[in-house]
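# A structural walkthrough
Spelled out, the chains give:
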Amino acid sequence: MDDSFLKLFDLISTACGVYILYSYVKLRMVGRLFPSSLLIPNGRQPKDCLDEEGYIRYIRPRLLVIGVAITVLGLAMLADGTFYQLSQGLAMGLIGLALAFLVWYGVCSARANRRYW
């Protein structure tokens, strides 16, 4: 596979992590829900939330964890090959770790959607 394609994927992953962190910071500063596909289930509005404060308390730390994890893993993969060369096994392990974090957040988000929406 072309190395530039992989670097583009790593850059997109890092940008997604930064966007998640931005959503975390905005949620913390505003203190209420705002339109965001990370926070609001598809087809719902912020006003539809049954317990907005409870939902924010539940989802905010999980946003921080997934945001930091995806950003750090994206930066590590972006740095791979630029500054140093990871072994193939370690690189695949980082990708697996990122996928594990995404699955974990998906499960948490589904639970929150059932409970608060």
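See the structure printed just above.
Residues numbered from 1 in each chain as written. Predicted model: local features only at pLDDT ≥ 70, side-chain atom pairs only at ≥ 80, totals over all residues. Heavy atoms only, no water.

## Here's the deal with the overall build of the protein chain
Going by this rule: Helix and strand assignments come from DSSP, with helices taken as H or I runs of at least 4 residues and strands as E runs of at least 2, each series counted from the N terminus. Exposure categories follow from relative accessible area, calculated using a 1.4 Å probe and restricted to protein chains: below 20% of the type maximum is buried, above 50% is exposed, and the middle band is partly exposed. Every residue pair with non-hydrogen atoms within 4.5 Å of one another is taken to be in contact. Here the Shrake-Rupley method, with its probe set to 1.4 Å, supplies the accessible areas, and only the displayed protein chains count as covering residues. Here the positive residues are Lys and Arg and the negative ones are Asp and Glu; neither His nor the chain ends is included. A charged residue contributes its charge at one atom only: NZ of Lys, CZ of Arg, CG of Asp or CD of Glu.
If you tally the helices and strands in the protein chain, you get three helices and zero strands. Order of helices (α) and strands (β) in the protein chain, N terminus to C terminus: α-α-α. Summarising its shape, the C-alpha atoms of the protein chain cover approximately 50 × 25 × 20 Å along the three principal directions. Within the protein chain, the fraction of its 117 residues that count as buried is 38%. The contacts of the protein chain with a sequence gap of at least 6 include a subset with a gap of at least 24, amounting to 70%. Total accessible area computed for the protein chain in this model is approximately 7400 Å², and 64% of it derives from carbon and sulfur atoms. Positive and negative side-chain charges of the protein chain, numbering 12 and 8 respectively, have mean locations separated by a distance of 12 Å.

## Some points on the packing of helix α2 (residues 52–79) against helix α3 (residues 88–116)
Definition in use: Between the N-to-C directions of two axes lies an angle of 0 to 180 degrees, each axis being a line fitted to C-alpha atoms and, for a helix, fitted only over the stretch in contact. Any angle between 65 and 115 degrees counts as roughly perpendicular, while under 35 counts as roughly parallel, over 145 as roughly antiparallel, and the rest as oblique. Here is the rule for handedness: rotate from the far helix to the near one, and if that takes an anticlockwise turn smaller than a right angle the crossing is left-handed, while a clockwise turn gives right-handed.
Relative to each other, α2 and α3 sit at 165°, their axes nearing to 10 Å. By the criterion of interaxial angle, the relationship of α2 to α3 is roughly antiparallel. At the point where α2 passes α3, the crossing takes the left-handed sense.

## Details of α3
Heads up, the condition is: A helix is expected to span 1.5 Å multiplied by its residue count minus one.
Under the 1.5 Å per step criterion, the end-to-end length of α3 is 42 Å for 29 residues, consistent within 8% with the ideal 42 Å. Among the residues of α3, those classed as buried are Ala91, Leu94, Ala98, Tyr105, Cys108, Ser109, Ala112 and Tyr116. On its buried face, α3 sits against α2.

## Quick word on the packing of helix α1 (residues 3–30) against α2
Filter applied, for reference: Three categories are distinguished: nonpolar for Ala, Val, Leu, Ile, Met, Phe, Trp, Tyr, Cys and Pro, charged for Asp, Glu, Lys and Arg, and polar for the others, with Gly belonging to the last.
Packing of α1 against α2 brings their axes to within 8 Å, and their N-to-C directions diverge by 155°. Looking at the two axes, α1 sits roughly antiparallel to α2. As α1 packs across α2, the resulting crossing turns out to be left-handed. A per-class count over the contact of α1 with α2 returns 16 nonpolar, six polar and four charged.

## Considerations on α1
The terminal C-alpha atoms of α1 lie 40 Å apart, and with 28 residues this matches the ideal 40 Å at 1.5 Å per residue to within 8%. Here α1 has its buried residues at Lys7, Asp10, Ser13, Thr14, Gly17, Ile20, Ser23, Tyr24 and Leu27. Packing partners of the buried residues in α1 comprise α2. A positive backbone phi angle near 80° is found at Gly31, which sits one or two residues after α1.

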